[in-house]
Amino acid sequence: MSRLRVLLTGATGYVAGQLLPVLRERYDLTMIDVRDTDRDGQQVEGVELVDLLTADAAELRRLCEGVDVIVHAGYVRDEDAPSYAAERRNLDMTARVFEAAQQSGVRRVVVTSTNQASKWYEQPWKAGRIDRVDPFDYPRPDTFYGWAKAAYESLGFLYASGGAGPVVENVHVRIVCPRPIRAEDFADRPTADYLRDITGWVSERDLQQLYVRSIEAPSIDDEHGVPFQIFYGVSGNSRTFWSIANARRVIGYEPQDDSEIEFADEIAARTHQS
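So, how was this worked out
- Residues numbered from 1 in each chain as written.
- Predicted model: local features only at pLDDT ≥ 70, side-chain atom pairs only at ≥ 80, totals over all residues.
- Heavy atoms only, no water.
- Helix = DSSP H or I, 4+ residues; strand = E, 2+ residues; numbered from the N terminus.
- Rg over C-alpha atoms; globule rule 2.2 N^0.38 Å.
- Buried < 20%, exposed > 50% of the residue type's maximum accessible area, 1.4 Å probe, protein only.
- Contact = heavy atoms within 4.5 Å.
- Areas by Shrake-Rupley, 256 points an atom, 1.4 Å probe, with all protein chains shown as cover.
- Lys, Arg positive; Asp, Glu negative; His and termini not counted.
- Charge placed at Lys NZ, Arg CZ, Asp CG, Glu CD.
- Salt bridge = Lys/Arg side-chain N within 4 Å of Asp/Glu carboxyl O.
- Phe/Tyr/Trp six-rings, centres within 6.5 Å; stacked < 30°, edge-to-face > 60°.
- Pairing = 2+ DSSP bridges.
- Axes fitted to C-alpha atoms, helices over the stretch in contact; angles between N-to-C directions.
- Left-handed = near helix turned anticlockwise from the far one by under 90°.
- Nonpolar A, V, L, I, M, F, W, Y, C, P; charged D, E, K, R; others polar.

### Digging into the overall build of the chain
Now for step 1: Within the chain, the secondary structure is distributed over ten helices and seven strands.
Now for step 2: By the compact-globule yardstick of 19 Å for 274 residues, the chain fits well, its C-alpha radius of gyration being 19 Å.
Now for step 3: By its C-alpha atoms, the chain is 60 × 45 × 45 Å across when sized along the principal axes.
Now for step 4: Expressed as a percentage of its 274 residues, the buried residues of the chain come to 50%.
Now for step 5: Counted over contacts in the chain with a minimum sequence separation of 6, partners at least 24 positions apart contribute 67%.
Now for step 6: Of the accessible surface of the chain, which amounts to about 13,100 Å², a share of 47% is contributed by carbon and sulfur atoms.
Now for step 7: With 31 positive and 44 negative side-chain charges, the chain shows a separation of 2 Å between the mean positions of the two kinds.

Listed below in structure tokens is the structure:
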């Protein structure tokens, strides 16, 4: 079989940095971003400088020509206070990605989202009123950042359903904690805050697997036949809050790691203290 052609946006960002080893290995990869260095100032080889907010339609069509899947990890970070206007730029950028995919015949878009789209649910969880949140619960963001991600998802469903023209399949990966969880960082915070991150941890290899399966799954149809899914980006953590049942069922996600094992000594010490 020929290798899939994948376009990666935001290729120098933190999440892309975790994905790049496997994406480079498995696919014919085109990478774009507004800079060619990562957050540490290291050059990322092969990145083409493109601003998705200002590139003209012809440039976007060129980038998408022959592409099978777009992995959209692009994000404009604003240094000012969070606002509707700042996050609207990210929504506009995502809208351009969907439009370009549709016009160029790209089959699927895998969007980097975040649990912030439903972060408000952490409040009743910490209060002991709920045990879990899944992708089918109504989005309840409590920041403008989360609002924008929820808006990406709503827009994505429009494209997946055919309401905006030819269908564009899309998956939204709501990543929670893609970094090591160190108990010392929570020394002056409630134990519930620490355990929240423990429940949401995702290892690099599990995150890579989740994206690869989202890219390669033959079908991502929901129960109504619409090719649209939201998956939480977490490992197979024993202390679970963010449900990955649909990712297991739809694309065969099989996480290899568990924060309860990875951070066992720190968890024991921290919970014993409290």
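### Description of the side chain of Asn 90
Now for step 1: Mapped onto the secondary structure, Asn 90 falls in helix H3 (residues 84–104).
Now for step 2: Beyond its immediate sequence surroundings of up to four residues, Asn 90 is in contact with Tyr 75, Val 76 and Tyr 152.

### Quick notes on the pattern of salt bridges
Now for step 1: Tallying each qualifying case throughout the model produces 18 salt bridges.
Now for step 2: What you see here is one network of salt bridges that share partners, running through Lys 119, Glu 122, Arg 179, Arg 196 and Asp 197.

### Some thoughts on the packing of aromatic side chains
Now for step 1: Evaluated as defined, the whole model comprises ten aromatic pairs.
Now for step 2: When the centroid spacing of 5.3 Å and the interplanar angle of 15° are considered together, the rings of Phe 98 and Tyr 159 count as stacked. Taken together, the residues span a long stretch of sequence, with Phe 98 in helix H3 and Tyr 159 in helix H5 (residues 144–161) at a distance of 61 residues.
Now for step 3: When its relative accessible area of 11% is taken as the criterion, Tyr 159 is described as buried.
Now for step 4: Considering the side-chain rings of Phe 157 and Phe 228, the 5.3 Å spacing of their centres and the 85° angle between planes classify their relative orientation as edge-to-face. Here Phe 157 is found in helix H5, whereas its partner Phe 228 is found in strand E7 (residues 228–233), with 71 residues between them in sequence.

### Brief notes about the sheet that holds strand E5 (residues 108–114)
Now for step 1: Pairing is parallel in the open sheet, where seven strands are placed in the order E3-E2-E1-E4-E5-E6-E7. Two strands in the sheet have a free side with no partner beyond their single neighbour: strand E3 (47–49) and E7. Strand-to-strand, the axes of this sheet are offset by a mean angle of 20°, without reference to chain direction.
Now for step 2: Of the strands in this sheet, E5, strand E6 (169–175) and E7 touch H5, which is tilted by about 160° from E6.
Now for step 3: The strands touched by helix H7 (residues 204–216) are strand E1 (5–9), strand E4 (69–72), E5, E6 and E7; relative to E5, the strand with the most contacts, the crossing angle is about 150°.

### A few points about the packing of helix H2 (residues 57–64) against H3
The relative placement of two packed helices is expressed as an angle between their axes plus a distance between the axes.
Now for step 1: Following both chains from N to C, one finds H2 and H3 inclined at 65°, their axes separated by 9 Å at the closest point. In the crossing of H2 with H3, the sense of the turn from one axis to the other is right-handed. Listed contacts from H3 to Ala 57, Leu 60, Arg 61 and Cys 64 of H2 are Arg 96, Ala 100, Gln 103 and Ser 104.
Now for step 2: Here the contact of H2 with H3 is built from residues that sort into four nonpolar, two polar and two charged.

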